[in-house]
Amino acid sequence: MEEEGADGFSVRKLANTFGCDPMAVLYHFKSKVGLERAMADALNAELKPVDPAAPWRQRLTDLAHQYRALALRYPQTFPLLTRFWVTGPSDYTHAEMVYQALDDAGLNDRQIVDICCGWYASVLGLATAEVGGMLQPATQQDIAELEVLPTDEFPVVKRLVPVFKAQKPGQVHAVMVEAILDGIEQQLSL
């Protein structure tokens with residue numbers, strides 16, 4: 001998938017790469033979706049367990065940064081993680097850690113379930129958006145387009161041009177992970 005991208009990936013191409021019959025792949029994984037789920041779980045298996053003794057915020061931050069690093073390593077395959085509620089055994093291990101961190105934060109069971117799903121959607125979405133290009137720092141071409149905008153129509157955009165120029169890779173991810181965790185802390189008072 002990393003070589004072909006999601007649109008070019010097929011069971012037939014995978015089977016040819018390994019010198020086997022496509023039906024053998026389908027027999028083992030039952031379908032292309034089953035294969036993709038197994039691929040997503042293989043990505044999850046690359047994540048390291050976070051320190052269970054660390055404060056809950058640190059555990060969630062560490063795991064979020066690991067997901068970003070995973071997305072940067074496998075930009076074509078990583079979006080598979082957003083397609084499945086659970087990818088398999090490796091995913092359950094990490095989900096248990098997230099549930100435990102949220103429990104340690106003091107959330108009730110309903111909050112834990114809802115916030116865990118939202119946390120995953122946010123963290124995986126941020127990483128997917130970054131490898132897709134949306135959260136990358138502005139390019140010189142982007143800056144050039146901003147600089148020619150009329151100031152009277154786009155006063156805030158024009159004011160922000162120096163900030164766009166100074167943005168570093170990973171900055172949006174780090175800021176948003178903190179914002180998500182701050183939002184989780186606000187739920188404690190509800």
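Residues numbered from 1 in each chain as written. Predicted model: local features only at pLDDT ≥ 70, side-chain atom pairs only at ≥ 80, totals over all residues. Heavy atoms only, no water.

1. A closer look at the packing of helix α5 (residues 56–73) against helix α6 (residues 89–105)
Packed helices, taken two at a time, are described by their axes: the angle between them and the distance between them.
Step number 1: The geometry of α5 relative to α6 is characterised by a closest axis approach of 8 Å and an angle of 150 degrees between their N-to-C directions. With respect to each other, α5 and α6 are oriented roughly antiparallel. The handedness of the crossing between α5 and α6 is left-handed. Here Trp56, Arg59, Leu60, Leu63 and Tyr67 of α5 come into contact with α6, specifically with Asp91, His94, Met97, Val98, Gln100, Ala101, Leu102, Asp104 and Ala105. (Axes fitted to C-alpha atoms, helices over the stretch in contact; angles between N-to-C directions. Helix = DSSP H or I, 4+ residues; strand = E, 2+ residues; numbered from the N terminus. Parallel < 35°, antiparallel > 145°, perpendicular 65-115°, else oblique. Left-handed = near helix turned anticlockwise from the far one by under 90°. Contact = heavy atoms within 4.5 Å.)

2. Observations concerning the confidence of the model for the protein chain
Step number 1: Chain-level pLDDT for the protein chain is 92 on average; 99% of the residues reach the 70-or-more range.
Step number 2: Looking across the protein chain, the model is least confident in helix α3 (residues 22–29), with a mean pLDDT of 76, and most confident in α5, with 98. (pLDDT = per-residue confidence, 0-100.)

3. Brief notes about the nonpolar core
Step number 1: Grouped together as the largest cluster of nonpolar side chains are 42 residues, with contacts concentrated most on Leu60, Tyr67, Trp119 and Ile184.
Step number 2: Considering every element that reaches this core, the biggest residue donor is helix α7 (residues 109–132), with 10 residues.
Step number 3: With sequence-adjacent residues up to four places away left out, Trp119 is seen in contact with Leu60, Leu63, Ala64, Tyr67, Val98, Ile180, Leu181 and Ile184. (Core = buried A, V, L, I, M, F, W, Y, C linked by side-chain atoms within 4.5 Å. Buried < 20%, exposed > 50% of the residue type's maximum accessible area, 1.4 Å probe, protein only.)

4. Some thoughts on the pattern of salt bridges
Step number 1: All chains considered together, the criterion is met by 10 salt bridges.
Step number 2: Across the pair Glu185 and Arg57 runs a salt bridge whose closest N-O atoms are separated by 3.5 Å. One end of the pair, Glu185, is in helix α10 (residues 171–187); the other, Arg57, is in helix α5, with 128 residues separating them in the sequence.
Step number 3: Of the charged contacts in the structure, one is a salt bridge between Glu147 and Lys165, with a shortest N-O distance of 2.9 Å. Residue Glu147 is located in helix α8 (residues 140–147), and its partner Lys165 is located in helix α9 (residues 155–166); the two are separated by 18 residues in the primary sequence.
Step number 4: A residue is classified by how much of its surface remains accessible, and Glu147, at 39% relative accessible area, is partly exposed. (Salt bridge = Lys/Arg side-chain N within 4 Å of Asp/Glu carboxyl O.)

5. Points about the packing of aromatic side chains
Step number 1: Counted by the stated rule, this structure contains three aromatic pairs.
Step number 2: When the ring of Tyr67 is compared with that of Phe78, the centres are 6.5 Å apart and the planes differ by 65 degrees; the resulting orientation is edge-to-face. Of this pair, Tyr67 sits in helix α5 while Phe78 sits in the loop between α5 and α6, placing them 11 residues apart in sequence. A single burial state applies to Tyr67 and to Phe78, both of which are buried.
Step number 3: Centroid distance Tyr67 to Tyr120: 6.0 Å. Interplanar angle 75 degrees. Geometry classified as edge-to-face. (Phe/Tyr/Trp six-rings, centres within 6.5 Å; stacked < 30°, edge-to-face > 60°.)

6. Some words on α6
Step number 1: Compared with the 24 Å implied by 1.5 Å per residue over 17 residues, the 25 Å span of α6 between its first and last C-alpha is a close match.
Step number 2: Taken residue by residue, α6 has Ser90, Asp91, His94, Ala95, Met97, Val98, Ala101, Leu102 and Ala105 as its buried positions. In an axial view of α6, the angular spread of the buried residues amounts to 155 degrees, which keeps them on one side of the axis.
Step number 3: Remark: Gly106 follows α6 within two positions and exhibits a positive phi of approximately 105 degrees. (Expected span 1.5 Å × (residues − 1). Arc of directions from axis to C-beta.)

7. Section: the side chain of Gln111
Step number 1: Along the polypeptide, Gln111 turns up in helix α7.
Step number 2: Leaving out residues up to four positions away in the same chain, Gln111 has contacts with Cys116, Gln187 and Leu190.

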